[in-house]
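# Working through the structure, step by step
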Amino acid sequence: MIGRRLPLGTMPERPGDYMGPIFGWTGDKPAVFFLKPNARDADAPPTARAIQHVVSPPHTFRECPDGSLEIRNSLGDNHPLGSDGWHGYLDAGHVWRKV
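All values reported here derive from a predicted model rather than from experimental measurement. (Residues numbered from 1 in each chain as written. Predicted model: local features only at pLDDT ≥ 70, side-chain atom pairs only at ≥ 80, totals over all residues. Heavy atoms only, no water.)

### Considering the side chain of Asp17
Note the following rule: Here a helix means four or more residues in a row that DSSP labels H or I, a strand means two or more in a row labelled E, and each is numbered from the N terminus. Residues count as neighbours in contact if any of their non-hydrogen atoms are within 4.5 Å of one another.
Relative to the assigned elements, Asp17 resides in strand β2 (residues 17-26). Contact partners of Asp17, with chain neighbours within four places excluded, come to Arg4, Leu6, Pro12, Phe33, Phe34, Leu35 and Trp96.

Rendered as structure tokens:
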């Protein structure tokens, strides 16, 4: 899936949308907020439908020349309420890659 990077302060609406890094939501750590590619699938579990976020560290964010963002480590699918059904990466070029 090809996602889209939103302006800072704009929360994700569609699967693949992401915004950040932004400060002020998670203490002194920058955060990126996103909707995973399966967020609006008919069979998506409830945890997949919510806006999620990762912080740095432990994740790392790389600004790419095309304006996209690359996130490492992987975006896991383990939540206290169960798997959200999608585990993978956000690669350069706004590309969501499932593993």
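### Things to note about the side chain of Glu70
For clarity, the threshold we go by: The cut-offs for exposure are 20% and 50% of the maximum accessible area for each residue type, with area from a 1.4 Å probe on protein chains only; residues under the lower value are buried, those over the upper are exposed, and the others partly exposed.
Among the secondary structure elements, Glu70 is positioned in strand β6 (residues 69-75). Judged by its relative accessible area of 17%, Glu70 falls in the buried class. With residues near it in sequence (within four places) discarded, Glu70 still touches Thr60, Phe61, Arg62, Cys64, Leu90, Asp91 and Ala92.

### Regarding unusual backbone geometry
A cis amide bond links Gly20 to the next residue, Pro21, at an omega of 0°. Note on placement: Pro21 falls in strand β2. The backbone of His94 shows a phi angle near 65°, a positive value even though the residue is not glycine. By secondary structure assignment, the location of His94 is in the loop between β7 (88-91) and β8 (95-98).

### Quick look at the nonpolar core
Here is the rule we go by: Buried Ala, Val, Leu, Ile, Met, Phe, Trp, Tyr and Cys residues that are joined via side-chain atoms within 4.5 Å together make up what is termed a nonpolar core.
Core analysis: the largest hydrophobic core is formed by 11 residues, namely Tyr18, Val32, Phe34, Val54, Phe61, Leu69, Ile71, Leu75, Trp86, Leu90 and Trp96. Elements supplying a minimum of two residues to this core: β3 (29-34) and β6. Counting residues per element, this core draws most heavily on β6, at three residues. Not counting chain neighbours up to four residues away, the residues in contact with Phe34 comprise Pro12, Asp17, Tyr18, Ala50, Ile51, Gln52, His53, Val54, Leu75 and Trp96.

### Thoughts on the pairing of β3
Residues in a regular strand project their side chains so that they alternate between the two faces of the sheet. To keep things clear, this is the line we draw: At least two bridges found by DSSP between two strands is the condition for calling them paired.
For β3, a buried count of five out of six residues is recorded, marking the element as mostly surrounded by other parts of the structure. Count of turn residues in the β2/β3 antiparallel hairpin: two residues, of which Gly27 carries a positive phi of about 65°. Of the strand pairs in this sheet, β3 and strand β4 (residues 52-55) are connected by four bridges, and their pairing is antiparallel. Of the residues in β4, the one forming a bridge with Phe33 is His53.

### As for the sheet that holds β6
Stated precisely, the cut-off is as follows: Interaxial angle, 0 to 180 degrees, is taken between N-to-C directions of lines fitted to C-alpha atoms, where a helix line uses only the stretch in contact.
Spatial strand order, β5-β6-β7-β8: four strands in an open sheet with antiparallel pairing. This sheet does not close on itself; its edge strands, each paired only once, are β5 (60-63) and β8. Neighbour-to-neighbour, the strand axes of the sheet open up by a mean angle of 20°, direction not taken into account. Alignment of β5 against β6, held across four bridges, turns out to be antiparallel. The residue bridging Glu63 from the neighbouring strand is Leu69, located in β6.

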